[in-house]
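A look at the structure
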Protein chains: 2
Amino acid sequence: MQRFFLLFSFLVVFTALLFQYCSVDHSTAPQLNALQEKANGFSEPLPAHAFAPDVPASDALLLLGKMLYHEPRISKSGVISCSSCHSLATFGVDQTPVSIGHGWQQGPLNAPTVLNAALHRTQFWNGRAADVEAQALLPILDPLEMASSEAHVVEVLSSIPAYVDLFHQAFPEHDEPLVYAHVGTAIGAFERTLLTPSPYDAFLKGDAKALSEMQQQGLEVFIEAGCQACHSGAAMGGNIFVHFITPAERASGKANPGRFEVSGRQADKHFFKVPSLRNVVHTYPYLHDGSIWDLGETVSLVAREMTGRELTANQVEQILAFLESLTGEIPADALVLPVLPASTALTPRPDFN
Amino acid sequence: MQRFFLLFSFLVVFTALLFQYCSVDHSTAPQLNALQEKANGFSEPLPAHAFAPDVPASDALLLLGKMLYHEPRISKSGVISCSSCHSLATFGVDQTPVSIGHGWQQGPLNAPTVLNAALHRTQFWNGRAADVEAQALLPILDPLEMASSEAHVVEVLSSIPAYVDLFHQAFPEHDEPLVYAHVGTAIGAFERTLLTPSPYDAFLKGDAKALSEMQQQGLEVFIEAGCQACHSGAAMGGNIFVHFITPAERASGKANPGRFEVSGRQADKHFFKVPSLRNVVHTYPYLHDGSIWDLGETVSLVAREMTGRELTANQVEQILAFLESLTGEIPADALVLPVLPASTALTPRPDFN
């Protein structure tokens, strides 16, 4: 009897200790070294998604967004979709200086990646859209890009019963949910899932070995050189506008007006949103006109132009090593192509002209 | 003891009977009704894949093929890939009368689907390629399509270490595996997996309820009208060439020469390969010039032109119901986009001109 009592007492104490141990959230208190502390000072790990906490996305909305992202019929030609210039197979860009749109026209600026774009404070190089929902609506209508119209998009989608159903499921509180603005809402929702965690996130969260020694040296140089002043936050960019004229623009004497086109203020002339450095190894060519293909050359140029620092070849190599750590994983779900529903007799036909 | 002996004897006999029962392959002897027998007379269920039994495809070859299928850098512009005109999101076609290629040029004929194409006896409308491996090599070089050259393709792929490695893995018996012909071998291997089993396959295999009553009536009409004479085999087409001039060609007085371009024989003028009816609901517009959008209109026209039969509106409706049963499932693996490796300093740059 005494032995049972002893065993019982032991179990009670052991269980109590176990509970106490488990109730402390050990994951919130990682040991950070000095470099990790510095890195967390200007950047932060990617969140799980980029939705506002009080606006959850339903499965229907996300599926609709993915379908519309790949939907060429909403373009005038019927062959251009968001994914034409922002393929997820190539990290959300087309890896060309400027994009090809309707009629083989070329755009004025390099297409930024959709990956992690939802974390940017504004959209486009000149910030003319507030968020990914507003952004998604503009290339569809741009005569140089998809060359469509709001009426055409609504007519196409309304002619296909599967889309009509899906808009009702995605926007259950609306009697007539199939409106142009909701196309942006849905595509934006899909884009808010396109975050790409990388070894740098693991490093920020406490895994000091997630970055190689050379990558850590590169991060030190990146910080010392002042790159982090602009390339900050979870997206490592996307927060502020800076004055930038590229060497190609300077040579040609024709520089894009940048944010001036949006604000009309002289002070905003040639100001561009700082691009995200996430997946930068894959989002070549670089600068707002896509005029430089080499990432090392870009790093040297931007350091010189923005901070006045002349980096050594070794420092550039180290920064390049660090930038490799920003190549992340595209969410597996996002890489699965949706199978699109068939057109009907009412669906407008492609117009190549 | 006697009871044990009896039990033992019973178990021996029971086990023997069980083995005998299991050794008969019951799946090969389904009960087929008369319509199923007729259907099996001219068509057959899709195989699991379209590889020759003695040429298995390795994982490396299939991955390489999928990557090349989605690889725009092998085109002159750097923005056109196989999937541009044969997106798997739209059943392996572009759902336009003719395709848009380099410089917004238009092709002469409607792009056939890649789905189940490996089962066709020849490739292209005029049969100018023997198999999918040979087929895949031609649009890459066509000035109207990807406008590339063999040298350009090899230069692009050789400049990217991940491709060099993958060619070695995919073709382990070759010292220098990165040659143009192997691009076709790899893309063809991927295409041999693009088979789309549908309710019709379940029906052929014995599930009489896989087709609705109206679909079965449609199948009866399809057979009675003689459609099955040309639309036969596992792909429901792709086997023979027939003479066909479309109403649009007749009206314009300009008819595509068809197989004559390949054989040079007058008897082959305006002969075209019979297209597959698999997924036909999604592979609009129809005919070799993509000149008819409505499937019912196409069914009526082709019955009239090919068999001399004037189908009633009701018969056309029934056949349309049957054709729905040929819409299949695209393999889930094939729908997963590959993430493509980055270019290097040696990779040729896009040329939009």
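None of the values given here were measured: they were computed from a predicted structure. Within each chain, residues carry numbers counting from 1 in the order of the written sequence. Naming scheme: in the order in which they are written, chains are lettered from A and ligands are numbered from 1. Only residues with pLDDT of at least 70 get local features here, since the model is predicted, and only at 80 or more are side-chain atom pairs given and counted; chain-wide, interface and lining totals rely on the full set of residues. Each side-chain value is worked out from all heavy atoms of the structure, with water and hydrogens disregarded.

1. A few points about the overall build of chain A
Put simply, DSSP marks the helices as runs of H or I at least four residues long and the strands as runs of E at least two long, and each gets a number from the N terminus on. A count of helices and strands for chain A gives 14 helices and 2 strands. Seen through its principal axes, chain A has C-alpha atoms that stretch 95 × 55 × 35 Å. Of all 353 residues assigned to chain A, the portion counted as buried reaches 53%. If you take every contact in chain A between residues at least 6 apart in sequence, the share linking residues at least 24 apart comes to 71%. Each accessible area value is a Shrake-Rupley result obtained with a 1.4 Å probe; residue values ignore everything except the protein chains displayed when judging cover. For chain A, the accessible surface area stands at approximately 16,300 Å², while carbon and sulfur atoms represent 59% of it. Positive: Lys, Arg. Negative: Asp, Glu. His and the chain ends are not part of the count. Note on charges: their place is set at NZ of Lys, CZ of Arg, CG of Asp or CD of Glu. The averaged location of the 36 negative side-chain charges in chain A is 4 Å from the averaged location of its 20 positive side-chain charges. Buried means the residue's accessible area, taken with a 1.4 Å probe over protein chains only, is under 20% of the maximum for its type, while exposed means over 50%, and partly exposed covers the values in between. We call two residues in contact when some of their heavy atoms are within 4.5 Å.

2. Concerning the pattern of salt bridges
Residue and element names in this part refer to chain B. Here, a salt bridge means any Lys or Arg side-chain nitrogen found within 4 Å of an Asp or Glu carboxyl oxygen. Scanning the entire structure with this criterion turns up 16 salt bridges over all chains. A salt bridge links Lys76 to Asp351; its shortest N-O distance comes to 3.8 Å. Of this pair, Lys76 sits in the loop between helix H3 (59-69) and helix H4 (82-85) while Asp351 is found in the segment after helix H14 (313-324), placing the two residues 275 residues apart along the sequence. Judged by relative accessible area, Lys76 falls into the partly exposed class, the value being 28%.

3. Focus: the relation of the copies chain A and chain B
Relating the two copies of this chain is a rotation about some axis coupled with a shift parallel to it. Note on the copies: chain A fits chain B at an RMSD of 0.0 Å, the axial shift is 0.0 Å, and the rotation between them is 180 degrees. Here the copies are linked by what is in effect a two-fold axis. Closest approach to the rotation axis among the C-alpha atoms of chain A is made by A:Val336, whose C-alpha sits 2.2 Å away. By residue overlap, the copies meet face to face through one surface: 100% of the interface positions of chain A are interface positions in chain B. Alignment of copies: least-squares fit on C-alpha atoms of residues with pLDDT of at least 70 in both copies.

4. Structural notes on the side chain of B:Asn116
Residue and element names in this part refer to chain B. Relative to the helices and strands, Asn116 is located in the loop between H4 and helix H5 (132-141). We classify Asn116 as buried; its relative accessible area is 0%. Of the polar contacts made by the side chain of Asn116, one reaches the side chain of Thr196; its length is 3.0 Å. If we skip the residues at most four places from it in the chain, Asn116 touches Leu46, Leu194, Leu195, Thr196, Ala235, Arg278 and Asn279. The term polar contact refers here to a pair of N or O atoms within 3.5 Å; inside protein, the definition further demands a hydrogen-donor-capable atom paired with an acceptor-capable atom, and it admits residues adjacent in sequence only when both atoms are side-chain atoms.

5. Section: helix H5 (residues 132-141) of chain A
All names here are of chain A. Among the 10 residues of H5, 7 are classified as buried, and the element is accordingly described as predominantly covered. Taken together, the buried positions of H5 are occupied by Val132, Glu133, Gln135, Ala136, Leu137, Pro139 and Ile140. On the buried face of H5, the contacting elements are helix H6 (150-158) and helix H8 (180-191).

6. With respect to the packing of aromatic side chains
Ring pairs (aromatic) are described by centroid distance and by the angle formed between their planes. Residue and element names in this part refer to chain A. Two rings belonging to Phe, Tyr or Trp (six-membered ring only in the last case) form a pair when the distance between their centres is within 6.5 Å. Interplanar angles under 30 degrees mark stacking, angles over 60 mark edge-to-face geometry, and anything in between is tilted. Under the defined criterion, the tally for this structure stands at 16 aromatic pairs over all chains. Between Phe42 and Phe222, the aromatic rings sit 6.0 Å apart at their centres with planes inclined by 35 degrees, giving tilted as the arrangement. Of the two residues, Phe42 sits in helix H2 (residues 34-42) while Phe222 sits in helix H10 (residues 213-224), which places them 180 residues apart along the sequence. With 5.2 Å between their ring centres and 55 degrees between their planes, Phe222 and Phe322 make a pair best called tilted.

7. Comments concerning the interface of chain A and chain B
Contacts between the two partners involve 37 residues from chain A, matched on the other side by 37 residues from chain B. Here's the idea: put two parts together, see how much 1.4 Å probe accessible area each one loses, and the total over both is what we call buried area. Between chain A and chain B lies a buried interface of about 3,100 Å² when both sides are counted; carbon and sulfur atoms form 74% of it. On the chain A side of the interface with chain B, the three residues burying the most area are A:Trp104, A:Leu337 and A:Phe352, jointly 25% of the side's total. Taken together, chain A and chain B are joined by 0 salt bridges. Taken together, the connections running from chain A to chain B amount to 10 residue pairs in polar contact (both at pLDDT 80 or more). Polar here means any residue outside two lists: the nonpolar Ala, Val, Leu, Ile, Met, Phe, Trp, Tyr, Cys and Pro, and the charged Asp, Glu, Lys and Arg; Gly therefore counts as polar. Here the side of chain A that touches chain B is composed, by residue class, of 23 nonpolar, 11 polar and 3 charged.

8. Here's the deal with the environment of B:Leu35
All names here are of chain B. Following the sequence through the fold, Leu35 ends up in helix H2 (residues 34-42). When the C-alpha atoms of Leu35 and Leu219 are compared, they prove to be 8.2 Å apart, with 184 residues separating the residues in sequence. Once residues within four sequence positions are removed from consideration, Leu35 is found in contact with Phe203, Gln216, Leu219, Glu220 and Ile223.

9. Comments concerning H2(B)
Residue and element names in this part refer to chain B. Those residues of H2 that fall on the buried side of the exposure criterion are Leu35, Gln36, Ala39 and Phe42. The buried side chains of H2 occupy one side of the element, clustering within an arc of 135 degrees when seen end-on. In H2, the exposed positions angled more than 90 degrees off the buried face are occupied by Ala34 and Gly41. Here the buried face of H2 lies against helix H9 (199-205) and helix H10 (213-224). Sitting at the amino-terminal end of H2 is Asn33, which places a side-chain oxygen 3.1 Å from the backbone nitrogen of Leu35. Along the arc lie the directions from the helix axis toward the C-beta atoms.

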